[in-house]
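Chain by chain, the residues:
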Amino acid sequence: MTLSPRRGGLIIALSILLSLLLTVLPLPEWVRIYRPQWYTLVLIYWTMATPQRVGVGIGWLTGIIVDVITGTLLGQHALALSLIAFITLKMHQRLRLFPLWQQSLTVLVLLLIEKLLQLWVMGAVGQPAPPLLFWAPPLVGMLLWPWLFIILRDLRRRFQVS
Amino acid sequence: MAVVVSLALMVTDQRLHHLESVRSVLSVVLYPLHFIVDLPQSASLWLSETLASRSRLQEENQQLKKENLLLQVEQQKLAALEAENMRLRDLLDSSFKIGDRILIAELIAVDLDPYRQQVVINKGSSSGVYEGQPVLDANAVMGQVTHINRFTATVLLISDARHALPVQVNRNGLRTLAVGTGRINELELPHLPNNADIEEGDLLVTSGLGGRFPPGYPVAEVISVSREPGQPFARVDARPMAHLERTREAMLVWTLQPLETLENLTPSAGAETTEPHPEPTQEQQP
């Protein structure tokens, strides 16, 4: 399929939208705390693959949307996601060359940074310290990364998003 | 840049209330997201209602009739008691709540931040919901409305760690605060001295002192009291009577008595709630 650059934007927007849906999808109580940070994973992928289109701005916007739909402090996710986008932007060329498992490890670090920023914000506004399982989602995210990467890469090649 | 903006946003959102309108506009735009996520659940509910068998419906109908009868019998007693109460209060020259208006709302099945105790309901400012409005379920107090937009509202549950609720012990009128713990089935009563008259099984009801919740609604039941001689305060835990984790419907309450009269009546009300509490009382807007 040959597509105009506008259509590529549609694919990016749709994948981010889907990740937001997955974020608020109701899950049983015991799985809830393991829910990976879908929006961060998708954002990392697009920043890495198409750094000229997706960057800090899109990251910030996604973060604000996440804040509104999950009812957290306005700006909490925006801060974390714009920083993640910035770091990914800085190292996107290295990231692309990594083998998949090494990429997963890098993604784990990025996801942990996001969680750490969240923790700081929560501490600053006086929410109680979360349990140890607070750190579980990045691990789940790391395990999911190879699959997500392959799916999004195929999508990108199919629709020639660049 | 983005970092600075986010930090500024967070500070304003935490300390001031200017961003409420921004949030509500954004959440109207994002309402379809919540709607889509809720769709499977509401569709399955609708299906199970539409395709229910006749015998099951009859059974349910019979059961409801029985329940209605029982409730009506109790209602008779209540009417007489209320009239008597009003008369006695007339004698004492003090006013009492006239009554409450109630609207039933349904919970929207979306998951919010797992570390905050919040739910979303399907009634918003178009139904007259206002910020700080009390929300009940069939048994007891659930929480209060914190964010509203046109079609939905976010309710902060009483079990959230940033929520404190003025309560009194139903048995003897002892006033205190019930503070959320962040766990859905537990509240804390942190400011009771060791010699306070409180026991396991005591019923806590709203005292109405904060000016947000109407007085007299059940809140929680005391489940454990431990007094350590070395500690200045007793450790008292309570379990919310509302089924916070199971309920599907919530009731929004409008108190018909205007707020001002309540404050005129009890000028010490503000002092009473703030007195034993080192942190800001009432609830803080998130």
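Residues numbered from 1 in each chain as written. Chains lettered and ligands numbered in written order. Predicted model: local features only at pLDDT ≥ 70, side-chain atom pairs only at ≥ 80, totals over all residues. Heavy atoms only, no water.

Caption draft 1: Structural detail: the overall build of chain B. Check the secondary structure of chain B and you find 6 helices and 12 strands. Counting only residues that meet the buried cut, chain B has 40% of its 286 residues in that class. The long-range share in chain B, meaning contacts at least 24 apart out of those at least 6 apart in sequence, stands at 62%. (Helix = DSSP H or I, 4+ residues; strand = E, 2+ residues; numbered from the N terminus. Buried < 20%, exposed > 50% of the residue type's maximum accessible area, 1.4 Å probe, protein only. Contact = heavy atoms within 4.5 Å.)

Caption draft 2: Up close: the pairing of strand β4 (residues 141-148) of chain B. Residue and element names in this part refer to chain B. Along β4, 7 of the 8 residues are buried, which leaves the element largely enclosed by surrounding structure. Direction of pairing for strand β3 (residues 134-136) relative to β4: antiparallel, over a ladder of 3 bridges. Pairing of P134 across the sheet is with Q144, part of β4. Relative to strand β5 (residues 153-157), β4 is paired through 5 bridges, and the arrangement is antiparallel. Bridging across to β5, Q144 finds its partner in L156. Between the end of β4 and the start of β5, which pair antiparallel, lie 4 residues. (Pairing = 2+ DSSP bridges.)

Caption draft 3: Molecular detail of helix α5 (residues 76-90) of chain A. Taking 1.5 Å per residue as the helical rise, α5 of chain A with its 15 residues ought to reach 21 Å, and the 22 Å between its terminal C-alpha atoms agrees with that figure. Here α5 of chain A has its buried residues at Q76, H77, A78, L79, A80, L81, S82, I84, A85 and T88 of chain A. (Expected span 1.5 Å × (residues − 1).)

Caption draft 4: Layout of the environment of E186 of chain B. Residues and elements named next belong to chain B. Tracing the chain through its elements places E186 in the loop between β7 (175-180) and β8 (187-188). Filtering out sequence-adjacent residues up to four positions away, E186 remains in contact with S159, T181, D237, A238 and P240. Within the structure, the side chain of E186 is placed 3.3 Å from the side chain of R183, a separation counted as a polar contact. (Polar contact = N/O pair within 3.5 Å; in protein donor to acceptor, adjacent residues only side chain to side chain.)

Caption draft 5: How the structure looks around the interface of chain A and chain B. Contact residues are listed per partner, giving 38 residues for chain A and 30 residues for chain B. Contact between chain A and chain B buries roughly 3000 Å² in total, counting both sides, with carbon and sulfur atoms accounting for 70%. Our count for the contact surface shared by chain A and chain B stands at 0 salt bridges. In this assembly, chain A and chain B are joined by 1 residue pair in polar contact (both at pLDDT 80 or more). Contributing elements (two or more residues each) for the side of chain A that touches chain B: α1 (5-24), α4 (56-70), α5 and α7 (100-124) of chain A. Sorting elements by how many residues they give to the side of chain A that touches chain B places α4 of chain A first, with 8 residues. (Buried area = accessible area lost by both parts, 1.4 Å probe. Salt bridge = Lys/Arg side-chain N within 4 Å of Asp/Glu carboxyl O.)

Caption draft 6: Layout of α7 of chain A. For α7 of chain A, spanning 25 residues, the distance from its first C-alpha to its last is 36 Å, which sits close to the expected 36 Å at 1.5 Å a residue. Positioned one or two residues after α7 of chain A, G126 of chain A has a phi angle of 85°, which is positive.

Caption draft 7: Just the packing of aromatic side chains, in detail. Residues and elements named next belong to chain A. Counting across every chain of the model gives 6 aromatic pairs over all chains. Where Y45 meets W46, the ring centres are 5.2 Å apart and the plane angle is 75°; that geometry is what we call edge-to-face. Ring centres 5.9 Å apart and planes at 40° place the aromatic pair W145 and F149 in the tilted group. Residue W145 and its partner F149 are both found in helix α8 (residues 136-159); the two are separated by 4 residues, about one turn of the helix. For W145, a relative accessible area of 0% puts it in the buried group. (Phe/Tyr/Trp six-rings, centres within 6.5 Å; stacked < 30°, edge-to-face > 60°.)

Caption draft 8: View of a nonpolar patch on the surface. All names here are of chain A. Taken together, the side chains of L10, L14 and L17 present a nonpolar region at the surface, about 270 Å² in accessible area. Within the secondary structure, L17 sits in helix α1. Its relative accessible area of 42% is what places L17 among the partly exposed residues. (Patch = residues over 30% accessible without salt bridge, like charges linked within 9 Å, V, L, I, M, F, W, Y side chains within 5 Å. Areas by Shrake-Rupley, 256 points an atom, 1.4 Å probe, with all protein chains shown as cover.)

Caption draft 9: Expanded view of the domain arrangement of chain B. Residue and element names in this part refer to chain B. When the domains of chain B are assigned, the result is domain 1 (16-50) and domain 2 (99-256). Computed from C-alpha coordinates alone, the two centres of domain 1 and domain 2 are separated by 23 Å. In this assembly, 11 residues from domain 1 lie in contact with 13 residues from domain 2. Each partner contributes to the roughly 1100 Å² buried at the junction of domain 1 and domain 2, and carbon and sulfur atoms together form 62% of this total. (Domains from an automatic or database assignment.)

Caption draft 10: A look at the confidence of the model for chain B. Residue and element names in this part refer to chain B. Of all residues in chain B, 83% attain a pLDDT of 70 or more, and the chain-wide mean is 78. When the elements of chain B are averaged for pLDDT, helix α6 (residues 269-274) gives the smallest value, 37, and strand β11 (residues 235-240) the largest, 90. This model gives residues 258-286 a pLDDT under 50, and the stretch forms 43 contacts once residues within four places in sequence are excluded. (pLDDT = per-residue confidence, 0-100.)

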